[in-house]
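In case you want the letters, here they are:
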Amino acid sequence: RAVGEVLPSHSPGRFSLAERVPVGVVAAITPWNFPLILGMRVTAPALALGNAVVLKPSPETPLSGGTLLAELLAEAGLPAGVFAVVAGGQDVGERLVDHPGTSMVHFTGSSAVGARIAAAAGARLKRVSLELGGNNALLVLDDADLDQAAMIGAWSAYHYQGQTCITAGRHIVARPLFGAYVDALAARAAAITVGDPKQGAGLGPMVNERQRDRAHAFLEQSIAQGATVVEGGTYDGLFYRPTVVTDVTPDMPLWKEEIFAPIAPVLSVDSEEQAVAIANDTPYGLVNAVLTGDPDRGLRVAGRLRSGMVHVNDSTCLDEAHVPFGGLGASGLGGRAGGDANLEEFTERRWVSLQRAAVEYPY
């Protein structure tokens, strides 16, 4: 929709307004984990707000993340040349960032790649929108409902094989509930079937061997440092069992890194203050969740957490199309996607003035 605002002016007879104008050509570089949704999350609002889009999907998902969108939009009647898909790897992404014809780069993916894109775009004074990774915390306070906490913890850790930026990669549990929470989470993990989702399995395969091996290396390194596998920790091909790990410490790879696999490290804490401090002790800042029997307490704790999103008594894995989705720090540059936030992302503000009376200047 067209959005603008009438501005006051100190000059008599001057009419001023701020209008939204398209950025221009948006280069969108999207990931493999939700190729259709994350491709459309950029493409649809960017086009609707008057931009052209050049989409580079992940090499893992060129069809569902790219050419399928091109076919659908062409069939819907989108004018030729407004939307294009370019397939390829890193070299194609770098070309889109460097190309003088792109006005903006939107990237969804890892923080390391996002930092390189931001540096390259910054050297060209080119606008960027980064939706990056997260090492998200699920805080289970001492008054939380245990059954709810275990269910929410399992969904937050294992949904989509843990391959989402909003997966709960750190479970921070009040010591009085720690043992019971670990047992309940492990029981839920053991009950999850792994196989073909089309045949009713709870979890499908990981995307490839590289991602599986990366996550499993984090697990093995952490075990070597003293971590204990309570449940899971094994795989068959690309099918990784839901895993629960205890005896973790903040310096272990499983705790410091974004795992992107169905592995749930669980750490006990002695106080609410310690839980908040540990949750905030990360360069990431995407999403956190707080589980408690007292909603007001949950909101108070939520207010102390450093992240772009926070949920009380619900999963970290929440997303709705109309809400402002995005993170802070290593999780993004502060931009948001969804609803009215798209107006900020994919348009520029322009000042337009009209002087109805004659003006006079000194010369």
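The structure reproduced in this document is the subject of the present report.

About the cut-offs
Residues numbered from 1 in each chain as written. Predicted model: local features only at pLDDT ≥ 70, side-chain atom pairs only at ≥ 80, totals over all residues. Heavy atoms only, no water. Patch = residues over 30% accessible without salt bridge, like charges linked within 9 Å, V, L, I, M, F, W, Y side chains within 5 Å. Areas by Shrake-Rupley, 256 points an atom, 1.4 Å probe, with all protein chains shown as cover. Salt bridge = Lys/Arg side-chain N within 4 Å of Asp/Glu carboxyl O. Helix = DSSP H or I, 4+ residues; strand = E, 2+ residues; numbered from the N terminus. Axes fitted to C-alpha atoms, helices over the stretch in contact; angles between N-to-C directions. Parallel < 35°, antiparallel > 145°, perpendicular 65-115°, else oblique. Left-handed = near helix turned anticlockwise from the far one by under 90°. Contact = heavy atoms within 4.5 Å. Nonpolar A, V, L, I, M, F, W, Y, C, P; charged D, E, K, R; others polar. Buried < 20%, exposed > 50% of the residue type's maximum accessible area, 1.4 Å probe, protein only.

1. Here we look at a nonpolar patch on the surface
A contiguous nonpolar patch, built from Leu36, Met40, Leu68 and Leu72 and spanning about 300 Å² of accessible area, is present on the exposed surface. Breaking the nonpolar patch down by element, the ones donating at least two residues are helix H1 (35-48) and helix H2 (63-75). The residue leucine 68 is located in helix H2 in this model.

2. Re the packing of helix H5 (residues 146-158) against helix H6 (residues 175-191)
Between H5 and H6, the shortest axis-to-axis distance is 9 Å and the interhelical angle comes to 55°. On the basis of their axis angle, the class for H5 and H6 is oblique. Between H5 and H6 lies a crossing whose hand is right-handed. Of the residues in H6, those in contact with Leu146, Asp147, Ala149, Ala150, Met151, Gly153, Ala154 and Tyr158 of H5 are Ala180, Tyr181, Ala184, Leu185, Arg188 and Ala189. Its residues assigned to classes, the contact of H5 with H6 comprises 11 nonpolar, one polar and two charged.

3. Here's the deal with the pattern of salt bridges
Applying the stated criterion across every chain yields a total of 13 salt bridges. We note a salt bridge from glutamate 19 to arginine 350, for which the minimum N-O separation is 2.6 Å. Residue glutamate 19 is located in strand S2 (residues 14-22), and its partner arginine 350 is located in strand S19 (residues 347-355); the two are separated by 331 residues in the primary sequence. By relative accessible area, arginine 350 is classed as partly exposed at 44%.

4. Section: the packing of H1 against H2
At a closest axis distance of 9 Å, the pairing of H1 and H2 adopts a crossing angle of 45°. By the criterion of interaxial angle, the relationship of H1 to H2 is oblique. The two elements H1 and H2 cross, and the hand of that crossing is right-handed. For the pair H1 and H2, contact is made by Pro35, Leu36, Gly39, Met40, Thr43 and Leu47 and by Ser64, Gly65, Leu68, Leu69 and Leu73, respectively. Counted by class, the contact of H1 with H2 contains seven nonpolar, four polar and no charged residues.

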